Amino acid sequence: MKATSKYIAAAVLLCLSAGPVKAQKTSLSKEYLKRAETIYHTIWKNYRVHEYKLFSEHFPSNGKGSLTYFQEGAVSEKEVSYLWPYSGMFAATNMLIGTPGQRKEYLPFLDSLVTGIEQYRDTTRKPVGYQAYPARFEKVDRYYDDNGLVCIDYMESYKNTRNPIYVARAREVFEFILSGWDDKLGGGVTWLEGHRDQKPACSNGMAALSALKIYEATKDPYYLEWGTRFYTWMHDNLRDSAGVYANDKKMDGTVNPTYYTYNSGSMLEASVLLYRFTGDQKYLDEARIIAAGAFNRFSTPKPGGGREFAVDLPWFTTVLFRGYESLYEIDSDYRYLAAIEEKLNDAWKHGRDQYGLVTYNWSSSPEEIAKPKWLLNEACVAELYARLSNLHRKKERS
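Because the structure is predicted, anything quoted here is derived from the model rather than measured. (Residues numbered from 1 in each chain as written. Predicted model: local features only at pLDDT ≥ 70, side-chain atom pairs only at ≥ 80, totals over all residues. Heavy atoms only, no water.)

A.B. asks: Help me understand the pairing of strand β9 (residues 246-250) in this model?
C.D. replies: If a strand is regular, its side chains alternate between the two faces of the sheet. In terms of residue burial, β9 counts as a mostly covered element, since four of its five residues are buried. Of the pairings in the sheet, the one linking strand β8 (residues 198-200) to β9 comprises three bridges and is antiparallel in character. Following the sheet pairing, Gln198 is matched in β9 by Lys250. One ladder, built from three bridges, connects β9 with strand β10 (residues 255-259); its direction is antiparallel. Paired with Ala246 across the two strands is Tyr259, which belongs to β10. Joining the antiparallel neighbours β9 and β10 is a turn of four residues, in which Gly253 adopts a positive phi near 95 degrees. (Buried < 20%, exposed > 50% of the residue type's maximum accessible area, 1.4 Å probe, protein only. Helix = DSSP H or I, 4+ residues; strand = E, 2+ residues; numbered from the N terminus. Pairing = 2+ DSSP bridges.)

A.B. asks: Would you explain unusual backbone geometry in this entry?
C.D. replies: Comment: phi is negative for the bulk of residues other than glycine, and the bulk of peptide bonds are trans. With an omega of -15 degrees, the peptide bond between Phe59 and Pro60 qualifies as cis. Residue position: Pro60 is located in the loop between β3 (58-59) and β4 (66-67). In the Ramachandran plot, Arg162 falls in the positive-phi region, its phi being about 60 degrees despite a non-glycine side chain. Along the chain, the position of Arg162 falls in the loop between α5 (144-161) and α6 (164-178). Given a relative accessible area of 53%, Arg162 falls into the exposed group. Positioned with a positive phi, Leu185 is a non-glycine residue whose angle comes to about 60 degrees. Position of Leu185 among the secondary structure elements: in the loop between α6 and β8. Classification of Leu185 as partly exposed rests on a relative accessible area of 23%.

Here it is in C-alpha coordinates:
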(Lines give C-alpha, C1' and ligand atoms only; values in the text may rest on other atoms or scores of the structure.)
Protein backbone atom coordinates (compact mmCIF):
# COMPACT_ATOMS: atom_id res chain seq x y z
CA MET A 1 0.00 0.00 0.00
CA LYS A 2 2.84 2.38 0.85
CA ALA A 3 4.55 1.69 -2.49
CA THR A 4 1.30 2.25 -4.34
CA SER A 5 0.78 5.57 -2.53
CA LYS A 6 4.29 6.65 -3.48
CA TYR A 7 3.59 5.95 -7.19
CA ILE A 8 0.29 7.83 -7.06
CA ALA A 9 1.96 10.82 -5.44
CA ALA A 10 4.69 10.81 -8.05
CA ALA A 11 2.14 10.69 -10.85
CA VAL A 12 0.23 13.65 -9.41
CA LEU A 13 3.42 15.70 -9.13
CA LEU A 14 4.30 14.84 -12.72
CA CYS A 15 0.90 16.04 -13.94
CA LEU A 16 1.12 19.26 -11.96
CA SER A 17 4.59 20.00 -13.24
CA ALA A 18 3.32 19.65 -16.78
CA GLY A 19 1.00 22.63 -16.26
CA PRO A 20 -2.82 22.89 -16.58
CA VAL A 21 -4.66 20.25 -18.59
CA LYS A 22 -6.00 21.69 -21.84
CA ALA A 23 -9.69 21.25 -22.62
CA GLN A 24 -10.33 18.94 -25.55
CA LYS A 25 -11.04 20.90 -28.71
CA THR A 26 -14.50 20.37 -30.14
CA SER A 27 -14.42 18.71 -33.55
CA LEU A 28 -16.68 20.66 -35.87
CA SER A 29 -16.25 18.01 -38.55
CA LYS A 30 -17.82 15.39 -36.28
CA GLU A 31 -20.59 17.71 -35.13
CA TYR A 32 -21.48 18.68 -38.69
CA LEU A 33 -21.47 15.07 -39.84
CA LYS A 34 -23.82 14.24 -36.98
CA ARG A 35 -26.16 17.00 -38.11
CA ALA A 36 -26.03 15.86 -41.73
CA GLU A 37 -26.88 12.31 -40.77
CA THR A 38 -29.57 13.37 -38.31
CA ILE A 39 -31.55 15.38 -40.83
CA TYR A 40 -30.92 12.87 -43.64
CA HIS A 41 -32.43 10.02 -41.63
CA THR A 42 -35.24 12.26 -40.41
CA ILE A 43 -36.16 12.87 -44.05
CA TRP A 44 -35.95 9.18 -44.88
CA LYS A 45 -38.23 8.35 -41.96
CA ASN A 46 -40.88 11.02 -42.54
CA TYR A 47 -40.93 11.69 -46.29
CA ARG A 48 -40.42 8.18 -47.65
CA VAL A 49 -43.40 6.86 -49.66
CA HIS A 50 -42.65 3.16 -49.34
CA GLU A 51 -45.30 2.04 -51.82
CA TYR A 52 -43.42 3.72 -54.68
CA LYS A 53 -39.93 3.93 -53.12
CA LEU A 54 -40.02 7.69 -53.61
CA PHE A 55 -40.58 10.70 -51.34
CA SER A 56 -43.41 13.07 -50.52
CA GLU A 57 -43.14 16.74 -51.42
CA HIS A 58 -43.77 18.05 -47.89
CA PHE A 59 -43.92 16.88 -44.32
CA PRO A 60 -46.25 17.04 -42.53
CA SER A 61 -48.59 17.03 -45.50
CA ASN A 62 -52.31 16.74 -46.11
CA GLY A 63 -51.77 16.45 -49.87
CA LYS A 64 -53.35 19.84 -50.52
CA GLY A 65 -50.23 21.95 -50.92
CA SER A 66 -49.76 24.24 -53.91
CA LEU A 67 -46.51 24.11 -55.89
CA THR A 68 -45.46 27.18 -57.85
CA TYR A 69 -42.28 26.22 -59.72
CA PHE A 70 -43.83 25.24 -63.05
CA GLN A 71 -44.38 26.85 -66.43
CA GLU A 72 -48.16 26.68 -66.12
CA GLY A 73 -48.19 28.24 -62.66
CA ALA A 74 -49.36 26.62 -59.43
CA VAL A 75 -50.18 22.91 -59.38
CA SER A 76 -51.46 20.76 -56.55
CA GLU A 77 -49.22 18.53 -54.50
CA LYS A 78 -49.45 14.88 -55.55
CA GLU A 79 -48.76 11.39 -54.19
CA VAL A 80 -44.99 11.75 -54.48
CA SER A 81 -42.54 14.59 -55.05
CA TYR A 82 -41.58 16.13 -58.34
CA LEU A 83 -38.12 15.56 -59.77
CA TRP A 84 -36.46 18.73 -58.50
CA PRO A 85 -36.81 17.99 -54.77
CA TYR A 86 -36.04 14.31 -55.39
CA SER A 87 -32.74 15.40 -56.91
CA GLY A 88 -31.94 17.14 -53.63
CA MET A 89 -31.88 13.78 -51.86
CA PHE A 90 -29.74 12.32 -54.66
CA ALA A 91 -27.18 15.11 -54.13
CA ALA A 92 -27.19 14.74 -50.35
CA THR A 93 -26.63 10.99 -50.65
CA ASN A 94 -23.66 11.50 -52.93
CA MET A 95 -22.10 13.93 -50.46
CA LEU A 96 -22.51 11.50 -47.57
CA ILE A 97 -20.96 8.67 -49.59
CA GLY A 98 -17.99 10.91 -50.30
CA THR A 99 -17.52 11.68 -46.61
CA PRO A 100 -14.67 9.61 -45.10
CA GLY A 101 -15.96 6.62 -43.17
CA GLN A 102 -19.51 6.83 -44.52
CA ARG A 103 -19.25 5.06 -47.86
CA LYS A 104 -20.39 1.62 -46.71
CA GLU A 105 -23.44 2.97 -44.90
CA TYR A 106 -24.75 5.20 -47.71
CA LEU A 107 -24.07 3.15 -50.84
CA PRO A 108 -27.34 1.21 -50.34
CA PHE A 109 -29.18 4.53 -50.18
CA LEU A 110 -27.60 5.49 -53.51
CA ASP A 111 -28.88 2.28 -55.08
CA SER A 112 -32.36 3.17 -53.89
CA LEU A 113 -32.08 6.76 -55.15
CA VAL A 114 -30.96 5.59 -58.60
CA THR A 115 -33.89 3.16 -58.80
CA GLY A 116 -36.23 5.97 -57.83
CA ILE A 117 -34.94 8.61 -60.22
CA GLU A 118 -35.31 6.19 -63.11
CA GLN A 119 -39.07 6.34 -62.50
CA TYR A 120 -38.91 9.92 -63.88
CA ARG A 121 -37.16 8.77 -67.07
CA ASP A 122 -39.40 9.10 -70.12
CA THR A 123 -38.56 6.85 -73.06
CA THR A 124 -41.71 7.56 -75.06
CA ARG A 125 -40.35 10.86 -76.40
CA LYS A 126 -37.05 11.17 -78.23
CA PRO A 127 -34.44 11.97 -77.20
CA VAL A 128 -34.91 10.24 -73.87
CA GLY A 129 -35.10 12.60 -70.91
CA TYR A 130 -36.45 12.93 -67.39
CA GLN A 131 -39.88 14.41 -66.88
CA ALA A 132 -40.97 16.46 -63.91
CA TYR A 133 -43.15 13.71 -62.37
CA PRO A 134 -42.76 9.92 -62.44
CA ALA A 135 -43.76 8.47 -65.81
CA ARG A 136 -45.71 5.66 -64.16
CA PHE A 137 -48.37 8.18 -63.10
CA GLU A 138 -48.75 10.49 -66.11
CA LYS A 139 -47.02 12.24 -68.98
CA VAL A 140 -45.81 15.73 -68.01
CA ASP A 141 -43.31 18.38 -69.12
CA ARG A 142 -39.58 17.81 -69.30
CA TYR A 143 -37.49 20.70 -67.97
CA TYR A 144 -33.95 21.27 -69.15
CA ASP A 145 -32.78 22.49 -65.74
CA ASP A 146 -34.17 19.34 -64.06
CA ASN A 147 -32.27 17.23 -66.54
CA GLY A 148 -29.10 19.17 -65.83
CA LEU A 149 -29.47 18.24 -62.16
CA VAL A 150 -29.94 14.58 -63.05
CA CYS A 151 -26.80 14.71 -65.18
CA ILE A 152 -24.78 16.28 -62.37
CA ASP A 153 -26.14 13.77 -59.84
CA TYR A 154 -25.15 10.87 -62.06
CA MET A 155 -21.64 12.23 -62.54
CA GLU A 156 -21.25 12.66 -58.78
CA SER A 157 -22.42 9.06 -58.41
CA TYR A 158 -19.82 7.98 -60.93
CA LYS A 159 -17.13 9.81 -58.96
CA ASN A 160 -18.17 7.86 -55.87
CA THR A 161 -18.54 4.42 -57.48
CA ARG A 162 -16.86 4.35 -60.93
CA ASN A 163 -19.96 2.60 -62.23
CA PRO A 164 -19.93 3.23 -66.03
CA ILE A 165 -23.73 3.08 -66.28
CA TYR A 166 -23.84 6.44 -64.52
CA VAL A 167 -21.71 8.07 -67.21
CA ALA A 168 -23.94 6.50 -69.87
CA ARG A 169 -27.02 7.96 -68.19
CA ALA A 170 -25.36 11.37 -67.91
CA ARG A 171 -24.42 11.36 -71.60
CA GLU A 172 -27.98 10.45 -72.51
CA VAL A 173 -29.36 13.27 -70.36
CA PHE A 174 -26.97 15.76 -71.93
CA GLU A 175 -28.14 14.86 -75.41
CA PHE A 176 -31.68 15.64 -74.30
CA ILE A 177 -30.51 19.04 -73.02
CA LEU A 178 -28.80 19.75 -76.35
CA SER A 179 -32.06 19.04 -78.17
CA GLY A 180 -33.29 22.33 -76.70
CA TRP A 181 -30.40 24.40 -78.13
CA ASP A 182 -31.17 26.78 -80.99
CA ASP A 183 -29.62 29.92 -82.52
CA LYS A 184 -32.21 32.38 -81.22
CA LEU A 185 -30.56 34.92 -78.93
CA GLY A 186 -27.25 33.51 -80.07
CA GLY A 187 -27.74 30.04 -78.58
CA GLY A 188 -28.75 28.56 -75.25
CA VAL A 189 -31.71 26.43 -74.25
CA THR A 190 -35.13 27.35 -72.94
CA TRP A 191 -36.61 26.35 -69.59
CA LEU A 192 -38.56 23.35 -70.81
CA GLU A 193 -39.22 21.33 -73.91
CA GLY A 194 -41.64 22.86 -76.39
CA HIS A 195 -41.81 26.35 -74.84
CA ARG A 196 -39.82 29.12 -76.53
CA ASP A 197 -40.61 32.10 -74.33
CA GLN A 198 -37.32 32.55 -72.43
CA LYS A 199 -33.77 31.29 -72.02
CA PRO A 200 -33.02 31.10 -68.30
CA ALA A 201 -29.87 30.95 -66.23
CA CYS A 202 -31.07 27.83 -64.41
CA SER A 203 -31.15 25.68 -67.56
CA ASN A 204 -28.02 27.04 -69.20
CA GLY A 205 -25.92 27.25 -66.05
CA MET A 206 -26.72 23.65 -65.11
CA ALA A 207 -26.05 22.60 -68.72
CA ALA A 208 -22.59 24.16 -68.52
CA LEU A 209 -21.88 22.29 -65.30
CA SER A 210 -23.28 19.06 -66.73
CA ALA A 211 -20.96 19.16 -69.71
CA LEU A 212 -17.93 20.08 -67.62
CA LYS A 213 -18.54 17.30 -65.11
CA ILE A 214 -18.80 14.74 -67.91
CA TYR A 215 -15.58 16.12 -69.35
CA GLU A 216 -13.89 15.87 -65.95
CA ALA A 217 -14.57 12.13 -65.88
CA THR A 218 -14.18 11.22 -69.56
CA LYS A 219 -11.75 13.85 -70.94
CA ASP A 220 -13.88 13.82 -74.08
CA PRO A 221 -13.30 17.26 -75.72
CA TYR A 222 -16.89 17.26 -77.00
CA TYR A 223 -18.08 18.07 -73.49
CA LEU A 224 -15.44 20.70 -72.81
CA GLU A 225 -16.50 22.42 -76.02
CA TRP A 226 -20.17 22.36 -75.04
CA GLY A 227 -19.44 23.39 -71.48
CA THR A 228 -17.55 26.39 -72.81
CA ARG A 229 -20.37 27.26 -75.24
CA PHE A 230 -23.00 27.24 -72.50
CA TYR A 231 -20.71 29.20 -70.20
CA THR A 232 -20.03 31.81 -72.89
CA TRP A 233 -23.73 32.19 -73.68
CA MET A 234 -24.48 32.80 -70.00
CA HIS A 235 -21.60 35.28 -69.69
CA ASP A 236 -22.62 37.24 -72.77
CA ASN A 237 -26.36 37.32 -72.11
CA LEU A 238 -27.16 37.24 -68.39
CA ARG A 239 -24.13 38.61 -66.54
CA ASP A 240 -24.46 42.10 -65.02
CA SER A 241 -21.64 44.60 -64.48
CA ALA A 242 -20.88 43.17 -61.02
CA GLY A 243 -20.53 39.63 -62.34
CA VAL A 244 -23.90 38.47 -60.95
CA TYR A 245 -26.31 36.51 -63.15
CA ALA A 246 -29.88 37.57 -63.93
CA ASN A 247 -32.69 35.03 -64.09
CA ASP A 248 -33.48 34.87 -67.81
CA LYS A 249 -33.62 36.58 -71.18
CA LYS A 250 -36.96 36.81 -72.98
CA MET A 251 -37.15 36.00 -76.67
CA ASP A 252 -37.43 39.72 -77.49
CA GLY A 253 -33.98 40.21 -75.94
CA THR A 254 -35.19 41.72 -72.67
CA VAL A 255 -33.30 40.57 -69.57
CA ASN A 256 -35.36 39.75 -66.48
CA PRO A 257 -33.55 41.66 -63.68
CA THR A 258 -34.40 39.08 -60.99
CA TYR A 259 -31.46 37.56 -59.14
CA TYR A 260 -31.18 34.25 -57.32
CA THR A 261 -28.11 32.85 -55.61
CA TYR A 262 -27.99 29.60 -57.58
CA ASN A 263 -27.66 31.23 -60.98
CA SER A 264 -24.41 32.86 -59.92
CA GLY A 265 -23.45 29.71 -58.03
CA SER A 266 -23.55 27.48 -61.09
CA MET A 267 -21.42 29.94 -63.05
CA LEU A 268 -18.96 30.34 -60.20
CA GLU A 269 -18.36 26.59 -60.11
CA ALA A 270 -18.21 26.44 -63.92
CA SER A 271 -15.59 29.22 -63.94
CA VAL A 272 -13.39 27.29 -61.52
CA LEU A 273 -13.78 24.07 -63.53
CA LEU A 274 -12.83 25.83 -66.76
CA TYR A 275 -9.78 27.31 -65.06
CA ARG A 276 -8.76 23.86 -63.84
CA PHE A 277 -9.29 22.26 -67.24
CA THR A 278 -7.73 24.96 -69.44
CA GLY A 279 -5.34 26.84 -67.16
CA ASP A 280 -6.71 30.09 -68.61
CA GLN A 281 -6.38 32.81 -65.96
CA LYS A 282 -9.44 34.66 -67.25
CA TYR A 283 -11.71 31.98 -65.78
CA LEU A 284 -10.17 32.24 -62.33
CA ASP A 285 -10.38 36.05 -62.51
CA GLU A 286 -14.04 35.71 -63.45
CA ALA A 287 -14.68 33.28 -60.60
CA ARG A 288 -13.32 35.80 -58.12
CA ILE A 289 -15.52 38.54 -59.60
CA ILE A 290 -18.63 36.35 -59.36
CA ALA A 291 -17.77 35.36 -55.78
CA ALA A 292 -17.42 38.96 -54.60
CA GLY A 293 -20.35 40.25 -56.64
CA ALA A 294 -22.73 37.56 -55.41
CA PHE A 295 -21.67 38.05 -51.81
CA ASN A 296 -22.28 41.79 -52.01
CA ARG A 297 -25.70 41.28 -53.60
CA PHE A 298 -26.89 38.49 -51.31
CA SER A 299 -25.62 39.79 -47.98
CA THR A 300 -26.33 42.84 -45.84
CA PRO A 301 -24.06 44.88 -43.53
CA LYS A 302 -24.05 43.92 -39.86
CA PRO A 303 -24.39 46.72 -37.28
CA GLY A 304 -21.07 45.78 -35.70
CA GLY A 305 -19.21 45.27 -38.95
CA GLY A 306 -19.01 42.48 -41.48
CA ARG A 307 -21.87 41.15 -43.56
CA GLU A 308 -24.75 38.74 -42.95
CA PHE A 309 -25.76 36.34 -45.69
CA ALA A 310 -29.40 36.58 -46.78
CA VAL A 311 -31.00 33.26 -47.81
CA ASP A 312 -33.36 33.41 -50.78
CA LEU A 313 -34.00 29.64 -50.86
CA PRO A 314 -31.83 27.11 -49.01
CA TRP A 315 -31.23 24.96 -52.09
CA PHE A 316 -30.31 28.03 -54.14
CA THR A 317 -27.84 28.97 -51.42
CA THR A 318 -26.45 25.42 -51.51
CA VAL A 319 -25.62 25.78 -55.21
CA LEU A 320 -23.77 29.01 -54.44
CA PHE A 321 -21.99 27.27 -51.56
CA ARG A 322 -20.74 24.62 -54.03
CA GLY A 323 -19.29 27.41 -56.15
CA TYR A 324 -17.61 29.06 -53.17
CA GLU A 325 -16.24 25.69 -52.08
CA SER A 326 -14.68 25.09 -55.49
CA LEU A 327 -13.00 28.53 -55.35
CA TYR A 328 -11.86 27.93 -51.76
CA GLU A 329 -9.92 24.88 -52.96
CA ILE A 330 -7.79 27.29 -55.00
CA ASP A 331 -7.76 30.52 -52.98
CA SER A 332 -8.13 29.18 -49.40
CA ASP A 333 -10.36 32.19 -48.64
CA TYR A 334 -13.03 30.94 -46.22
CA ARG A 335 -14.98 34.18 -45.67
CA TYR A 336 -17.80 33.43 -48.13
CA LEU A 337 -18.28 29.89 -46.83
CA ALA A 338 -18.11 31.17 -43.25
CA ALA A 339 -21.03 33.55 -43.82
CA ILE A 340 -23.29 30.74 -45.07
CA GLU A 341 -22.05 28.42 -42.32
CA GLU A 342 -22.94 31.00 -39.67
CA LYS A 343 -26.42 31.47 -41.12
CA LEU A 344 -27.05 27.72 -41.30
CA ASN A 345 -25.87 27.18 -37.72
CA ASP A 346 -28.23 29.90 -36.54
CA ALA A 347 -31.10 28.15 -38.33
CA TRP A 348 -30.10 24.82 -36.79
CA LYS A 349 -30.21 26.41 -33.35
CA HIS A 350 -33.28 28.62 -33.70
CA GLY A 351 -35.21 27.61 -36.84
CA ARG A 352 -36.16 23.94 -36.44
CA ASP A 353 -39.56 22.41 -35.76
CA GLN A 354 -40.59 19.55 -33.48
CA TYR A 355 -39.28 17.02 -35.99
CA GLY A 356 -35.90 18.71 -36.31
CA LEU A 357 -36.67 20.14 -39.77
CA VAL A 358 -35.42 23.60 -40.75
CA THR A 359 -37.52 26.54 -41.98
CA TYR A 360 -37.57 27.33 -45.70
CA ASN A 361 -35.66 30.60 -45.32
CA TRP A 362 -33.64 29.67 -42.21
CA SER A 363 -35.66 32.06 -40.12
CA SER A 364 -36.60 31.59 -36.46
CA SER A 365 -40.13 32.88 -36.96
CA PRO A 366 -42.68 30.74 -35.03
CA GLU A 367 -45.00 31.01 -38.03
CA GLU A 368 -42.36 29.52 -40.37
CA ILE A 369 -41.37 26.85 -37.84
CA ALA A 370 -45.01 25.68 -37.72
CA LYS A 371 -45.34 25.28 -41.51
CA PRO A 372 -44.88 21.96 -43.38
CA LYS A 373 -41.34 21.61 -44.71
CA TRP A 374 -40.40 21.11 -48.36
CA LEU A 375 -38.26 18.09 -49.21
CA LEU A 376 -35.76 20.11 -51.26
CA ASN A 377 -35.08 22.57 -48.44
CA GLU A 378 -34.39 19.78 -45.97
CA ALA A 379 -32.27 17.61 -48.28
CA CYS A 380 -29.90 20.50 -48.98
CA VAL A 381 -29.28 20.98 -45.26
CA ALA A 382 -27.97 17.41 -45.12
CA GLU A 383 -25.78 18.15 -48.14
CA LEU A 384 -24.46 21.39 -46.66
CA TYR A 385 -23.54 19.85 -43.33
CA ALA A 386 -21.79 16.96 -45.09
CA ARG A 387 -19.81 19.52 -47.11
CA LEU A 388 -18.99 21.52 -43.98
CA SER A 389 -17.91 18.34 -42.20
CA ASN A 390 -15.45 17.56 -44.99
CA LEU A 391 -14.12 21.12 -45.06
CA HIS A 392 -13.51 21.20 -41.33
CA ARG A 393 -11.93 17.75 -41.32
CA LYS A 394 -9.27 19.07 -43.67
CA LYS A 395 -8.78 22.20 -41.56
CA GLU A 396 -8.51 20.19 -38.34
CA ARG A 397 -5.79 18.01 -39.86
CA SER A 398 -3.75 20.84 -41.34
